[in-house]
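# Structural description and commentary
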Amino acid sequence: LFQRNGVKYGFCAFAPNARTVQLLDSVNQRRIISNLKQQCDVVIVSFHGGAEGAQYEHVPFKMESFLNAKRGDVHQFAHNAVDAGADIVLGNGPHVSRALETYKGRLIAYSLGNFCTYKSVSVAGVCGMAPLLKVYLNKKGEFLNGNIIAFRQTHESGLSRDTANGVVQRIKTLTESDFPESGLNIATDGQISL
């Protein structure tokens, strides 16, 4: 819990890994999120889930796995989180960027890919696209607008600004493909609007 400019925020995170708050336990997930919502104006939910690698850019709308371990149905998780009181849902885990969606006026980022990644994880090709997401919500937690700021990542030089906005185009394409009715407009400069 934290407060800023008169708005009280709650934050929680879920993952399918050992010694984490479990992504696969929907009953506990709903309890945690709804409890936070009773105490806060805006609830931020983060999750680590989904299969891993360049071939997993699309949200599959089913249970995903990696190395024979269940990694969650991230679409179902995100919608359940919003239904329980989440105002924004921020995903990671596949090591690639995925689509954005609005659901009940709330923004869901299914994966923000790699940003500052250690050397044992590939940052080749789409795995090296590194979005920084800036989002504006109202005091009720409803999505107003946002901006994707594009970076590239290499192990040799770390992060650098991508003036070609490659990850912006990639997220725009994935959003239009996976959630064509979401109502989101992603401009070539990264501006996100409804």
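Presented here is an overview of the structure given in this document. Please read these numbers as outputs of a predicted model, since none were measured by experiment.

Criteria and cut-off values
Residues numbered from 1 in each chain as written. Predicted model: local features only at pLDDT ≥ 70, side-chain atom pairs only at ≥ 80, totals over all residues. Heavy atoms only, no water. Salt bridge = Lys/Arg side-chain N within 4 Å of Asp/Glu carboxyl O. Helix = DSSP H or I, 4+ residues; strand = E, 2+ residues; numbered from the N terminus. Buried < 20%, exposed > 50% of the residue type's maximum accessible area, 1.4 Å probe, protein only. Core = buried A, V, L, I, M, F, W, Y, C linked by side-chain atoms within 4.5 Å. Contact = heavy atoms within 4.5 Å. Pairing = 2+ DSSP bridges. Right-handed = clockwise from strand over helix to strand, strands pointing away. Axes fitted to C-alpha atoms, helices over the stretch in contact; angles between N-to-C directions. Left-handed = near helix turned anticlockwise from the far one by under 90°. Nonpolar A, V, L, I, M, F, W, Y, C, P; charged D, E, K, R; others polar. Expected span 1.5 Å × (residues − 1). Arc of directions from axis to C-beta.

Turning to the pattern of salt bridges, a few remarks are in order. If you walk through the whole model with that rule in mind, you get eight salt bridges. The partner of Glu57 in a salt bridge is Arg170, and the shortest N-O contact between them spans 2.8 Å. On the criterion of sequence distance, the pair formed by Glu57 in the loop between β3 (42–48) and β4 (64–66) and Arg170 in helix α3 (residues 166–178) is long-range, its members being 113 residues apart. With relative accessibility at 24%, the residue Arg170 sits in the partly exposed group. Where Lys104 meets Asp83, a salt bridge forms, and the shortest distance between an N and an O atom there is 2.7 Å. Taken together, the residues span a long stretch of sequence, with Lys104 in the loop between β7 (100–103) and β8 (106–109) and Asp83 in helix α2 (residues 74–84) at a distance of 21 residues. Several salt bridges share partner residues, and in doing so they unite Lys37, Asp87, Arg106 and Glu142 into one network.

This part is about the nonpolar core. In this structure, Phe14, Ile33, Val45 and Val89 are the most contacted members of the largest nonpolar core, which totals 25 residues. The element contributing the most residues to this core is α2, with six residues. Sequence-distant contacts of Phe14, that is, excluding residues within four places in its chain, are made with Val21, Gln22, Leu23, Gln29, Ile32, Ile33, Val45, Ser46, Phe47, His48 and Phe77. One finds Ile44, Ala150, Ile186 and Ile192 within the second-largest nonpolar core, a separate group that totals 18 residues.

This part takes up the pairing of strand β2 (residues 7–14). Relative to β2, strand β1 (residues 2–4) runs antiparallel, the two being bridged by three bridges. When the bridges of β2 are listed, Gln3 appears paired with Lys8. Counting the residues that bridge the hairpin from β1 to β2 gives two residues, and of these Asn5 lies at a positive phi of roughly 50 degrees. Following the chain from β2 across helix α1 (residues 26–39) to the adjacent parallel β3, one finds a crossover that is right-handed.

It is worth spelling out the packing of α1 against α2 at this point. Where α1 contacts α2, the two axes come as close as 8 Å, and the packing angle between them is 35 degrees. The crossing of α1 and α2 is right-handed. Where α1 approaches α2, its residues Gln29, Arg30, Ile33, Ser34 and Lys37 are matched on the opposing element by Phe77, Asn80, Ala81 and Ala84. Residue composition of the contact of α1 with α2, grouped by class: four nonpolar, three polar and two charged.

Counted at 1.5 Å a residue, the expected span for α1 with its 14 residues is 20 Å, and the 20 Å between its end C-alpha atoms agrees. Of all the residues in α1, the buried ones are Asn28, Gln29, Ile32, Ile33 and Leu36. Projected down its long axis, α1 shows its buried positions confined to an angular sector of 125 degrees, all on one face. Along α1, the residues that are exposed and aim more than 90 degrees away from the buried face are Val27 and Gln38. If you follow the buried residues of α1, they end up packed against β2, β3 and α2.

Turning our eyes to something else, we now look at unusual backbone geometry. At Asn5, a position not held by glycine, the phi torsion is positive, near 50 degrees. Mapped onto the elements of the fold, Asn5 is located in the loop between β1 and β2. Non-glycine residue Asn165 carries a positive phi angle of around 55 degrees. Tracing the backbone shows Asn165 in the loop between β11 (158–161) and α3. According to the relative accessible area criterion, Asn165 is buried, its value standing at 15%.

All we've got here are geometric facts, nothing functional implied.
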